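Per-entry structural report
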Amino acid sequence: MAAVWDEMKNFTDTRDADTPDEIWFTEHPPVFTLGLNADRSHVIAPGDIEVLQIDRGGQVTYHGPGQLIAYVLLDLRRRGTDIRKLVTSLENAVIDSVSTEGVSAYARRDAPGVYIDGRKFAALGLRVRRGCSYHGLAVNVAMDLEPFERINPCGFAGLEVTQLAAFTRYDGIETYRPVLEKSLLSVLDTG
C-alpha cells in the first residue's frame, strides 16, 4: 500500500498540463487505512493487520484480497470539475456497474460511498493536490469481511459492510474489473 501511495504522490507532483489522466486498478494485502484527519478510536481491534495513516480524506477502512481498488489520478482543473462532482461521478460509476446485474445500489450524501440495502460495499477517499486528484475508491467484490468488524467503517459504529458476491455474479475482481472500468470511463469522459 505504501509503495502505491508514494507512486501516486510522485505522479501527481511531477505531472504537467499535458500529462494524461490515469486510473490505476489494484488489490492490496490486508491493511487498515486512516484518512488524514481520521480519529484513531475508530480502529477497535486491528490485531495483526497493519494500520497506516495516509493523506486521503475520510476515516478508517479496510483493504484486502478480493477488494478492487481504483485510484483516479485526474487533473480536475483541466476537466473543469471539483471534488464533490468527482465523488458523485465515482459513486455513479459504481452504481451503474451493478445495475446491469439488477442490483439497486445508491449513494448517500451524508456518508460518501455506495450501498445496497443499507450496507456499504464501496468506499471513497480522495486527495486533491496541485488541482489534481489521487486515491479513489474501493469496491468489496468477493472478500473476507471479518476485518471490517474490527473497525467503525468510515467512522460509523455499527455500519454493516457487504460485498458484490452476495448480490451478483461477480465472484472475484477479475470478473468485476472490466465492468467497473467501462463505467468509470463512461462517467468520467462525460462528467
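Everything that follows concerns the structure shown earlier in this document.
Residues numbered from 1 in each chain as written. Predicted model: local features only at pLDDT ≥ 70, side-chain atom pairs only at ≥ 80, totals over all residues. Heavy atoms only, no water.

A short note on the environment of E50
The residue E50 is located in strand β3 (residues 50-53) in this model. In this structure, the C-alpha to C-alpha distance between E50 and D75, residues 25 residues apart in sequence, is 31 Å. Ignoring anything within four residues of it in the chain, the contact list for E50 reads V31 and F32. (Helix = DSSP H or I, 4+ residues; strand = E, 2+ residues; numbered from the N terminus. Contact = heavy atoms within 4.5 Å.)

Structural notes on the sheet that holds strand β4 (residues 60-63)
Taken in spatial order, the three strands make up an open sheet running β3-β2-β4, and their pairing is mixed. Strands with a single pairing partner mark the edges of an open sheet, and in this sheet they are β3 and β4. The mean angle between the axes of side-by-side strands here comes to 25°, regardless of whether they run parallel or antiparallel. Relative to β3, strand β2 (residues 31-34) is paired through four bridges, and the arrangement is parallel. Along β3, the bridge assignment pairs V31 with E50. (Pairing = 2+ DSSP bridges. Axes fitted to C-alpha atoms, helices over the stretch in contact; angles between N-to-C directions.)

Here's the deal with the sheet that holds strand β8 (residues 119-129)
Within the open sheet, the six strands sit side by side as β1-β5-β9-β8-β7-β6. Their pairing is antiparallel. Strand pairing shows two members of the sheet lacking a second neighbour, β1 (22-26) and β6 (106-107), which therefore form its edges. As defined by bridge partners, β8 adjoins strand β9 (residues 132-140) across eight bridges and the pair is classed as antiparallel. In the strand pairing of β9, V128 is matched with S133. Most of the contacts of helix α3 (residues 83-99) go to β8, to which it runs at about 145°, and overall it touches β5 (67-75), β6, β7 (114-116), β8 and β9.

Quick word on α3
End to end, α3 covers 24 Å across 17 residues, agreeing with the expected 24 Å (1.5 Å per residue, within 8%). What α3 keeps buried is the set L86, V87, S89, L90, E91, A93, V94, I95, S97 and V98. The N-terminus of α3 is capped by D82, whose side-chain oxygen sits 3.2 Å from the backbone nitrogen of R84. (Expected span 1.5 Å × (residues − 1). Buried < 20%, exposed > 50% of the residue type's maximum accessible area, 1.4 Å probe, protein only. Polar contact = N/O pair within 3.5 Å; in protein donor to acceptor, adjacent residues only side chain to side chain.)

Remarks on the nonpolar core
One finds V94, F121, L137, V139, Y176 and L180 to be the most contacted residues of the largest nonpolar core, which totals 32 residues. Of all the secondary structure elements, the ones that give two or more residues to this core are β5, α3, β7, β8, β9 and α4 (173-190). If one sorts the elements of this core by residue count, α3 sits on top with seven residues. Apart from residues no more than four positions distant in its own chain, Y176 is found in contact with L68, V94, S97, V98, V139, V141, L164 and Y170. (Core = buried A, V, L, I, M, F, W, Y, C linked by side-chain atoms within 4.5 Å.)

Some words on the environment of S104
Among the secondary structure elements, S104 is positioned in the loop between α3 and β6. Considering only alpha carbons, one finds S104 and F167, 63 residues apart in sequence, at a separation of 9.9 Å. Excluding residues within four positions of it along the chain, S104 makes contact with Y115 and I116.

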